[in-house]
Amino acid sequence: MATLTASRALAPVGTAGKLFAFGLDVGRGLFRRPFQLREFLQQAWFIASVTIVPTALVAIPFGAVIALQVGGLIKQFGAQSFTGSAAVLAVVREAGPIATSLLIAGAGGSAIAADLGARKIREELDAMMVLGIDPIQRLVVPRVLACMFVAVFLNGLVSVVGVAGGYFFNVVLQDGTPGAYLASFTALAQLPDVWQGLIKALVFGLIAAIVASYKGMNAAGGPKGVGDAVNESVVITFMLLFVVNFVMSAIYFQLVPPKTG
């Protein structure tokens, strides 16, 4: 009984190790040839098609809420001229990558897990290995690269739409001046903030694709197992993304000093 309890307690550690090992296998597969260009283009187009509209719609309330909250707080300190800069920082640094990663994981990641899980229970992956075809190189690597590629561009979309939404709500609802909002962009924001957002989106897309691929390729138990793999991949990805986001933000603030207005 004690052995069974200990094995259950250590199960998450074993899963984390297997996931890390799977990530290393994917990393090695990135440099192997031939590269599956057609699969990459198909997956990138599919992921973009299922995420671009929800991303744009989510970015508008993100920018609006940030502008309203930040604008109301800054107004209490009498620093309305910095509303635009603070809103841009919040969108570019945090809201953009987070919104992008959640949609990549929820829409693109779940589709990847379902696709690979269906192939697993139909024994297609086993058949590929019998034929000498590496499923990681053939199926996983193009999906991982596609998620990373699309995540970077979606992050740019979220940033642009979020900043535009923040501008609209600040000027219309909070009686802000358009000139002050636009002029304050460079007061606190700096170029490394943009690079941080892009790197975050790239890493988040990598994590979402690896987790989804791992859970899909290890699905078992028929259609129910595929559904469980999809749900688990989304939940695990969300948890990892928030942890990694915190770590990357902490490292960034240690390496890049804040710009003073």
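Residues numbered from 1 in each chain as written. Predicted model: local features only at pLDDT ≥ 70, side-chain atom pairs only at ≥ 80, totals over all residues. Heavy atoms only, no water.

## What about the packing of aromatic side chains?
In total, this model carries 3 aromatic pairs according to the counting rule given. On the basis of an interplanar angle of 70 degrees and a centroid distance of 5.9 Å, the ring pair of F40 and F149 is categorised as edge-to-face. Taken together, the residues F40 in helix 2 (residues 37-76) and F149 in helix 5 (residues 135-173) connect sequence positions 109 residues apart. Consider the rings of F149 and F153, whose centres lie 4.9 Å apart with planes at 55 degrees: the pair is tilted. (Phe/Tyr/Trp six-rings, centres within 6.5 Å; stacked < 30°, edge-to-face > 60°. Helix = DSSP H or I, 4+ residues; strand = E, 2+ residues; numbered from the N terminus.)

## Quick word on the side chain of S233
Tracing the chain through its elements places S233 in helix 9 (residues 222-255). S233 gets classed as buried once you look at its relative accessible area, which sits at 2%. Sequence-distant contacts of S233, defined by excluding residues within four places in its chain, comprise A113, V211, A212 and K215. (Buried < 20%, exposed > 50% of the residue type's maximum accessible area, 1.4 Å probe, protein only. Contact = heavy atoms within 4.5 Å.)

## Here we look at the pattern of salt bridges
Tallied over the entire structure, the rule returns 10 salt bridges. Linking D115 and R143 is a salt bridge whose minimum nitrogen-to-oxygen distance equals 2.6 Å. Of the two residues, D115 sits in helix 3 (residues 83-121) while R143 sits in helix 5, which places them 28 residues apart along the sequence. On the accessibility criterion, D115 (25% relative accessible area) is partly exposed. (Salt bridge = Lys/Arg side-chain N within 4 Å of Asp/Glu carboxyl O.)

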